[in-house]
Structures are given as C-alpha cells and as structure tokens.
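Notes for the structure review
Take a look at the letters that make up each chain.
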Amino acid sequence: MSNAVTRRIADLERYLPELTLPREQIDAYWDDVLAKAADKPLRDRRTEVETPFPQLLAYRVEYEGFDDTRIHGWFLLPRSMAGQKLPCVVVFHGYTGSKGYPEDFAAFALMGVAVFAVDIRGQGGDTGNGLAQSYGMTRGWITQGILDKETCYYKAITLDALKALEWAAAQDEVDETRICVDGVSQGGGLAFISAALSPVPAIAVAHIPNMCHMDFGILNSTSSLSEAAEFVHRFPDRLETVLDTLSYFDNMNLAHRIRIPLFVTCGLKDMVTMPETIYAAFNRVNAPKTIRPYPFSGHTVGGDQNRQAAEFISAHFFNF
C-alpha cells in the first residue's frame, strides 16, 4: 500500500541529477593524482601500547598521507587470534571527531576483525594539519584551499584515507583480500570515495555519507558544507570556482568507478547529509549495492544500522 514514506523512498530511488563534471574529465584527473601518489612513502611508525582490555592488542600508528603531516591512528587486534591473517576494517570518523579509543571498536574484535581507526587531519584527534593556506577561509576546515582542487582540504583528506588503506593492507596480521572501508558522515563520504579510488578494499560501508551531490549540499546542508556556503556568501564572485573544486571530490561524479559491494545507510529526516545527496551518488553505482533508508532518523547511526553493517561484513568475510 502506498503512503508518504513509500512514495518518498520511491522518488529518491529515481533521483538522478545531472553530473557536475564529465566522467572523462574526473577520471583523467584522478588517474593522474593516483599515479603521482603511488610512490609517496608512508614513513610509518607502529608502537604497541597497554590498555585496560587484556583481550585487545593495541598499537599507536603514525603515517604520512597527502603531505608530511603525521596522521595518527589505532591498529587493533583480538589477542586470542594472534598469528592469524585477519580481515580488517579501516574506519573514518565524522566531522570534528577523532579516531576515538580502542574500546570503541570492541565489537569488531569480537567478530575476529582487525581495526585501523584513523584521525582526519586537523580535527578532534591527535593529528595536526600541515596543509598550506594561501587565501582566507571560514570556520572549520572545509574551505581551506577551496579555490584550487590541487591544494584543497578535500584532496588532502582523500589521499590521507587512501594511504590509510595502503598501510592496513601492508600489515602482516591483515588478510589483504578482506579489507572493509567504513565510516560515518564525513567518514562515510571518505569510505565512499575510497571505494571509488582505491584497489585495496573488498567491500565498503558508508553510513549517512557526506561528499555526495555537493552542489545540492552547499545550498541546503546545515553542517560542514555550510562552511563553504558561508565562504561564497563572503566572496560571491568565487561561487563557480568553489563548485568546480567540490565537483572533483563529489561521490556522485565518482560512483561509476566503484566495483565492490557497497552498503549505505540514510536518514530521511537528515538535514546534514540529506537523502537527495546520498541517493544521487548511490543511484549511479553499478556494483552490488544495498541502501537502508530510515524514515524517522536524522543525522545519526544507531543500533540497527550498526547491526546491519556487521551482518554485511560477516556475510562477505566469513560466509555467514
């Protein structure tokens, strides 16, 4: 029976706005960027640390991504499975957050899964931000370098994320054929774009992902993209330049590159990563994909979303 909820979801499933960058142009750009980034060394360091949790092996990790900024992360292993090659989940957090604490990822350890949880540069964790700034910016980080796709914040955090996957795949304890990229909001956007750009992950989980249909987001979102909107409000003559920069990091424009199974969640009352933005990217993915819309959820990920994601990971990595 039709109702407002089913009609809303049906409309979203048909939503296919025009791409904001030709496919050939974005592919050429990213093929060049990835080729240049491939040879950049990680210069990593991994140090075991004690935690109050005897069943968890924990390591502090540092590596270099886009530039010489030291990106910090947690590498976590279930102690009872030491010596085995394990699947690994690489986790990216939401905007202004951090990699958290080892115990935040206990559920993965209980599943027999390694975790690499990574700070996003400059935000709420241990990681600084060495990105140069040659023009004014608004609050937050999103408008740093936003007038140039080569030096903008989105490029830096995307390459930091891709290098995190590279680091995880190189660890002796990790089965490089069973790596999942996972994130929420900003982290969901990074999981989505990593699925499009990296050969490392076998599957991807993008909860309420940002970095989708960004021209719609800058006009309507109440969160990080409002920083870009404020920038354009101050500098209205820069609108086209800003939209052009954003288009190179828009998952809607990159969705055609995804070739791995993808799991996405979406809150229909979300005013941060609005349903239109998520479906605009999701609908253009041609790989195996699942989306779970939550009609009465806003910008949040709760127990059912986490359970669904755990079942998705288990189904692909453990044949449950």
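Residues numbered from 1 in each chain as written. Predicted model: local features only at pLDDT ≥ 70, side-chain atom pairs only at ≥ 80, totals over all residues. Heavy atoms only, no water.

**A closer look at the side chain of Q144**
For Q144, the position within the fold is in the loop between β5 (114–118) and α4 (153–169). In this structure the side chain of Q144 is engaged in a polar contact, spanning 2.8 Å, whose partner is the side chain of N129. Once residues lying within four places of it in the same chain are set aside, the contact partners of Q144 are N129, L131, A132, Q133, M137, T151, C152 and Y153. (Helix = DSSP H or I, 4+ residues; strand = E, 2+ residues; numbered from the N terminus. Polar contact = N/O pair within 3.5 Å; in protein donor to acceptor, adjacent residues only side chain to side chain. Contact = heavy atoms within 4.5 Å.)

**Looking at the pairing of strand β7 (residues 203–207)**
With respect to burial, β7 is a largely interior element, five of its five residues being buried. Every second residue of β7 is oriented toward a common face, with I203, V205 and H207 on one face and A204 and A206 on the other, all of them buried. Relative to β7, strand β6 (residues 174–184) runs parallel, the two being bridged by five bridges. Its bridge partner lying in β7, V181 is registered against A204. Relative to strand β8 (residues 262–267), β7 runs parallel, the two sharing four bridges. Across the sheet, A204 pairs through a bridge with L262, a residue of β8. (Buried < 20%, exposed > 50% of the residue type's maximum accessible area, 1.4 Å probe, protein only. Pairing = 2+ DSSP bridges.)

**Quick notes on the layout of surface pockets**
Take a probe with the size of a water molecule and roll it over the atoms, and the empty space left behind shows itself. Here the largest pocket is characterised by a volume of approximately 460 Å³. Counting residues per element, the ones that place at least two in the lining of the largest pocket are β4 (86–92), α3 (106–110), β5, β6 and α11 (303–317). The leading source of residues in the lining of the largest pocket is α11, at four residues. Grouping the constituent residues of the lining of the largest pocket by class yields 14 nonpolar, six polar and three charged. (1 Å grid on protein atoms, 1.4 Å probe; cavity = no way out; pocket = protein on both sides within 12 Å on 5 of 7 lines; lining within 4 Å. Points joined across faces, edges and corners; volume = space filled by probe spheres on them. Nonpolar A, V, L, I, M, F, W, Y, C, P; charged D, E, K, R; others polar.)

**Notes on the packing of α4 against helix α5 (residues 186–197)**
Across the interface, α4 lies against α5 with an axial gap of 10 Å and an inter-helix angle of 65°. Compared by their axis directions, α4 and α5 come out roughly perpendicular. Crossing angle aside, the handedness with which α4 passes α5 is right-handed. In this structure, α4 contributes I157, T158, A161, L162 and L165 to the contact, and α5 contributes Q186, L190, I193, S194 and L197. For the contact of α4 with α5, the class distribution of residues is seven nonpolar, three polar and no charged. (Axes fitted to C-alpha atoms, helices over the stretch in contact; angles between N-to-C directions. Parallel < 35°, antiparallel > 145°, perpendicular 65-115°, else oblique. Left-handed = near helix turned anticlockwise from the far one by under 90°.)

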